[in-house]
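Residue-level structure breakdown
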Amino acid sequence: MLEDLRVGLSQDIIAKAKEFGADLAGIARVEDLKISPSHVMGGQIPDFGGVGAKEVDGRKPGVVEWPKSAKSAIVIAIAHPPEKPELDWWVLGGKSAAGNTAGNKVLMSINKKLAEWLEHETGAQCMKLPYHVEFGGIYMKDTAVMAGLGCIGKNNILVTPEFGPRQRLRVMLVDIDLAPTGPIDFDPCVDCAMFCRSACPQKVFDAQIYTSEEYGLTQLPGRTGVYSRPLCNKQMDIDTANQQVVVVEGQEEPVKKTMFCRECELACPVGA
Ligand code: SF4
Ligand code: SF4
């Protein structure tokens, strides 16, 4: 009976997230996330710094600090199709003093509405998380996998049946036990010719970097330990150096726009 109520509430949350604009949504248990690959490896990787990590006093890059009251994680996603590249353009300046993307603003708005609704309906405390682990975030791709949205592909990105590797994620934690909605049995990479890896301009997947013996895990970055974070960061540095000064709709002052590499997303046939 109690389990039926938990399952029903999880389904209601997913339906409400979609009503507010999410294309996908799911729920994972914090206890399961704590032993998921990125959460186990985070902080153990010696060269974790780079474009995706932040220097924060007292915080080790890559290590998640879990709020004590957190029991479940709600993950939402919006599709990021090739015809909407602007969703992921990093815009700095004008109203975005700290920088942001259009897609992230949409996700934050959905998350805010969902948190307000859930707190009103259940009295639960919702913790809307930032993107960066060092600012209080968690690993969103692992959360999406445990919540049943898809799997980690051979491009080291979340791949979903609906959109392949082309979606953007946002997560919140809640202090109530919700029924998890994953993981699911889905793996389109098994017999694929790995178009994602061939498309990578930095040859990020060409060498074995991490091993199961070293980290005690069977699931490693790039699945088998071949994903080089420093090489991908090198491309992000190049993309940042190539940023453009442009005028965008709704902003009077010119802004700096960075278009980060998506070759390993766009080459994948899944969900295209
Ligand atoms: S192209 Fe897509 S399906 Fe193929 S290996 Fe890469 S992520 Fe998997
Ligand atoms: S984002 Fe670009 S550089 Fe990084 S792994 Fe994908 S294709 Fe390679």
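Residues numbered from 1 in each chain as written. Chains lettered and ligands numbered in written order. Predicted model: local features only at pLDDT ≥ 70, side-chain atom pairs only at ≥ 80, totals over all residues. Heavy atoms only, no water.

Focus on the site of ligand 1
Put simply, the rule reads: Nearness is judged by heavy atoms alone; a residue qualifies as near a molecule or strand once a single heavy atom is within 4 Å of it. Here the term charged refers only to Asp, Glu, Lys and Arg, the term nonpolar to Ala, Val, Leu, Ile, Met, Phe, Trp, Tyr, Cys and Pro, and the term polar to all other amino acids, Gly among them.
Taken together, Lys154, Asn155, Pro188, Cys189, Cys192, Met194, Phe195, Cys196, Cys268, Pro269 and Val270 are the residues near ligand 1. Among the residues making up the shell around ligand 1, the classes are represented as nine nonpolar, one polar and one charged.

Topic: the sheet that holds strand β1 (residues 24–29)
Quick note on the threshold: When DSSP finds at least two bridges between two strands, those strands are taken to pair. For helices the rule is a DSSP run of H or I covering at least 4 residues; for strands it is a run of E covering at least 2, with both sets numbered from the N terminus onward. Between N-to-C directions, angles span 0 to 180 degrees; the directions come from axes that are lines fitted to C-alpha atoms, helices contributing only their stretch in contact.
Pairing is antiparallel across the open sheet formed by four strands, whose spatial order is β1-β2-β8-β5. The strands lining the two open edges of the sheet, one partner per strand, are β1 and β5 (126–128). Ignoring strand direction, the axes of neighbouring strands in this sheet form an average angle of 25°.

Thoughts on the pairing of strand β10 (residues 255–258)
Judged from the three bridges that link them, strand β3 (residues 90–93) and β10 form a sheet pairing that is antiparallel. Each residue of the ladder has a partner; that of Val91, found in β10, is Lys257. One ladder, built from three bridges, connects strand β9 (residues 244–246) with β10; its direction is antiparallel. Paired with Gln244 across the two strands is Lys257, which belongs to β10.

Overview of the side chain of Gln202
Threshold: Relative accessibility thresholds used throughout: buried, under 20% of the residue-type maximum; exposed, over 50%; partly exposed, between the two (1.4 Å probe, protein chains only). For this analysis, a polar contact is any N or O atom pair within 3.5 Å, provided that within protein one partner can donate a hydrogen and the other can accept it, and provided that sequence-adjacent residues contribute only side-chain to side-chain pairs. A contact between two residues is defined here by any heavy atoms of the two lying within 4.5 Å.
Of note, Gln202 is situated in the loop between α6 (195–199) and α7 (212–215). Given the relative accessible area of 14%, Gln202 is considered buried. Reaching out from Gln202, the side chain makes a polar contact with the side chain of Gln235 at a distance of 2.8 Å. Apart from residues lying up to four places away in sequence, Gln202 is in contact with Leu231, Lys234, Gln235 and Ile238.

Focus: the site of ligand 2
As a matter of local geometry, ligand 2 sits amid Cys200, Pro201, Val204, Phe205, Cys232, Gln235, Cys261, Glu263 and Cys264. For the shell around ligand 2, the elements supplying multiple residues, two or more each, are α8 (229–241) and α9 (263–266). Tallied by class, the residues present in the shell around ligand 2 amount to seven nonpolar, one polar and one charged.

Quick notes on the layout of surface pockets
A water-sized probe rolled over the atoms picks out the places where empty space is left. What counts here: Definitions used for this entry: grid spacing 1 Å over protein atoms alone; cavity, a set of points where a 1.4 Å probe fits but cannot get out; pocket, an open set with protein on both sides within 12 Å along at least 5 of 7 lines; lining residue, one with an atom within 4 Å of a point. Grid points are joined across faces, edges and corners, and a volume is the space filled by probe spheres set on the points.
Volume-wise, the second largest pocket comes out at about 200 Å³. Contributions of two or more residues to the lining of the second largest pocket are made by β4 (96–100) and α4 (102–122). Here the lining of the second largest pocket is composed, by residue class, of four nonpolar, four polar and three charged.

Examining empty space enclosed by the protein
A complete count under the given rule lists two cavities of 30 Å³ or more for this structure. A volume near 90 Å³ is recorded for the largest cavity. In terms of lining, the largest cavity is formed by Lys154, Asn155, Pro188, Cys189, Cys192, Met194, Phe195, Cys196, Cys268, Pro269 and Val270. Here the residues of the lining of the largest cavity sort into nine nonpolar, one polar and one charged. Each pocket or cavity is described by its volume, and for the second largest cavity that value is around 30 Å³. Every residue along the wall of the second largest cavity is listed here: Leu129, Pro130, Tyr131, Gly137, Ile138, Met140, Arg170 and Val171.

Describing the packing of helix α1 (residues 2–19) against α4
In plain terms, the rule: We call a crossing left-handed when the near helix sits turned anticlockwise from the far one by less than a right angle, and right-handed when that turn is clockwise.
At a minimum axis distance of 10 Å, the contact between α1 and α4 shows a crossing angle of 145°. Considering the relative orientation of α1 and α4, their crossing is right-handed. Every residue of α4 that contacts α1 at Leu9, Asp12, Ile13, Lys16 and Ala17 is listed here: Ile110, Leu114, Trp117, Leu118 and Thr122. Here the contact of α1 with α4 is composed, by residue class, of seven nonpolar, one polar and two charged.

Points about the side chain of Ser10
Take Ser10: it is sitting in helix α1. Residue Ser10 is classed as buried on the basis of its relative accessible area, which comes to 2%. The residues touching Ser10, leaving out its near neighbours within four places in the chain, are Ile27, Leu178, Ala179 and Thr181.

What to know about the environment of Leu33
With respect to the secondary-structure elements, Leu33 resides in helix α2 (residues 30–33). For the pair Leu33 and Ile138, spaced 105 residues apart in sequence, the C-alpha to C-alpha distance is 9.1 Å. Once residues lying within four places of it in the same chain are set aside, the contact partners of Leu33 are Ala28, His39, Trp66, Ala73, Ile138, Asp142, Thr143 and Met146.

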